[in-house]
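Listed below are the residues making up each chain.
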Amino acid sequence: MITLPRRIAHLDMDAFYASVELLRYPQLRGLPVVIGGRSDHKPVMQADGSLRFSRLRDYVGRGVVTTSTYEARALGVFSAMGMMKAAQLAPDAILLPADFEAYRHYSHLFKAAVASITPQIEDTGIDEIYIDLSLLPEDSLTLAKRIKQAVFVATGLTCSIGITPNKLLSKICSDLEKPDGITLLEMADIPRRIWPLPVRKISGIGPKTEKKLISLGIETIAELAQAKLGFLQTHFGRSYSIWLHEASRGIDQRPVITCSEPKSISRETTFERNLHPCIDRAALSEALTHLCKKIAQDLQRKGYVGRTIGIKLRFEDFRTVTRDTTLATYIADDISIRRAARECLRRVPIEKKLRLLGIRVSTLSSPHSLPQISDSTQGELPFELHEQN
C-alpha cells in the first residue's frame with residue numbers, strides 16, 4: 001500500500017470580527033477600527049442620514065479589545081489589550097461593540113464553503129479550521145486558491161492559508177503572509193522559513209514559557225532546535241521538553257479530527273468596575289442571569305444538555321476560584337443552570353470585590369433518550385436577590 005504524503009492546511013480568517021463589521025460599515029475600510037465596546041457604542045443615525053461612530057478616546061471602563069483592524073494593529077492595538085491602554089495608543093480609532101450572532105453566522109458560511117470542497121475539516125474555533133488535503137488530486141497552490149475563492153464568494157471575506165505536512169507548521173504558516181495570504185512549506189524549508197522566527201510563534205508556547213526560554217538564552221525557534229533535550233528537561237517537565245524538542249524541528253503527528261464533541265460550553269464577563277458582593281448584588285445577579293441565559297441559548301443552538309455546572313470567580317486581587325457541581329440529570333434551561341450555579345457560589349466565601357464572573361456547563365450529551373430525573377439542587381447565592389422566571 002502506498003502512503004500519500006500528508007498535506008494539512010490551516011485556514012485563518014483575516015481579522016475576522018473586524019472584517020465582518022466592515023461588511024456592515026464599508027465606509028470604515030482603511031481606518032483603524034477596534035471591536036470591544038459596549039452596546040451604547042453602536043453607531044448613531046444622524047439627522048442627515050449619516051452615522052456617527054464612537055471613538056476609542058471616549059471609552060471609559062475596564063474592558064479589553066476583542067479584535068482590531070490591521071490599521072489599528074499598526075498603531076499597536078491588539079486583541080486582549082486593555083481598552084484604556086488602547087485609547088492611549090489610538091485615540092481616534094473607531095470603536096464598535098461586538099456582535100457575536102453575526103460572527104457565528106459568517107463562521108458557518110465560511111466553513112460550509114470549505115466543506116463543499118472537502119469534508120476533512122477540524123473545527124478549532126469561530127475563525128479557523130484545519131483541513132486535510134492529502135487525498136485531493138490538485139496541487140497545494142491550486143487548492144489554496146480554490147478554497148480562498150469559495151470562502152470569499154460565500155462571505156465577502158478574505159482568509160490566509162498555510163499548507164504543510166502537519167498541523168503545527170500549518171498553524172505557523174497561516175500567519176506568515178497575512179492578510180489574504182498563502183504559504184506553502186515542506187520540511188526542507190524549516191531552517192529557512194521557521195527557525196528564524198521567535199519561539200512564541202509555536203502554538204503551545206505561551207508568555208510564561210517564552211519568558212523562561214528567553215531567560216535561558218533561547219529566543220528563536222532555531223535556538224530552541226539547537227538546545228539539548230537534557231538541558232530542556234532540567235528546566236521543564238519531561239513530556240513538555242520532548243514536545244518543545246520536536247516542535248522546534250517541525251515534528252507533529254496529530255491527525256485532523258473531523259468529528260469532535262465539545263467538552264464544555266462556557267461564558268464569562270469581566271466587569272467594568274470591581275463589584276461589591278453586597279452593595280452591587282443587583283448588578284451581580286443580573287450578570288449571573290444574563291450568562292445563564294446565554295449558555296442556555298448556546299446549548300440549544302448546538303444541541304446539547306449538560307450535567308456538570310461550574311462557576312469561575314476572579315477577585316479584585318486577581319485570585320481566581322472555581323467550583324462545580326454534578327447534577328442527577330441533564331439540563332439545558334437557564335433557570336436550572338442558574339440554580340446549580342448558586343449552589344456552587346454558596347461554597348465560596350465572597351469577601352472581596354469581584355472583577356469577573358463565569359459559568360460553565362460540562363459533561364455534555366445529546367438530549368435524545370436521556371432519562372428525566374428530577375433535580376432538587378437548591379441554594380441561594382450570597383449576592384443573589386430573586387430568581388427571574
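Source: prediction; values computed, not measured. Each chain carries its own residue numbering, running from 1 in the written order of its sequence. Whole-chain, interface and lining totals are the exception, using all residues; otherwise, since this is a predicted model, local features are given only for residues with pLDDT of at least 70 and side-chain atom pairs are given and counted only at 80 or more. The side-chain quantities take in all heavy atoms of the structure and omit both hydrogens and water.

Engineer: Which parts of the structure should I look at to understand the pairing of strand β15 (residues 354-365)?
Structural biologist: Within a regular strand, side chains alternate between the sheet's two faces. Taking burial as the measure, the 12 residues of β15 include 9 buried ones, the bulk of the element. Inspection of the sheet shows strand β12 (residues 264-275) paired to β15 by 8 bridges, in the antiparallel sense. Directly across from E268, in β15, lies its bridge partner G358. Bridging between strand β13 (residues 305-315) and β15 involves 10 bridges; their strand directions are antiparallel. Residue I311 lies in a different strand from β15, and its bridge partner there is I359. The cut-offs for exposure are 20% and 50% of the maximum accessible area for each residue type, with area from a 1.4 Å probe on protein chains only; residues under the lower value are buried, those over the upper are exposed, and the others partly exposed. Going along the chain from the N terminus, every DSSP run of H or I of four or more residues is numbered as a helix, and every run of E of two or more is numbered as a strand. Being paired, for any two strands, means DSSP has found at least two bridges between them.

Engineer: Hey, could you run me through the sheet that holds strand β9 (residues 128-132) in this one?
Structural biologist: Sheet strands line up and pair through hydrogen bonds in the backbone, either parallel or antiparallel. Ordered by their spatial adjacency, 5 strands build an open sheet running β8-β9-β1-β10-β11, and the pairing between neighbours is mixed. The open sheet terminates on both sides in strands that have one partner only, identified here as β8 (121-125) and β11 (182-184). Between one strand and the next, the sheet's axes are offset by a mean angle of 15°, whatever the strand orientation. As paired strands, strand β10 (residues 159-164) and β11 are joined by 3 bridges and run parallel to one another. For I161, the partnering residue across the bridge sits in β11 and is I182. Here a residue-residue contact requires only that any non-hydrogen atoms of the pair lie within 4.5 Å. Where helices are involved, their axes are fitted lines through C-alpha atoms of the stretch in contact, as for all axes, and angles between N-to-C directions lie from 0 to 180°. This element, helix α5 (residues 140-155), spans β1 (8-13), β9, β10 and β11 of the sheet and lies at about 155° to β10.

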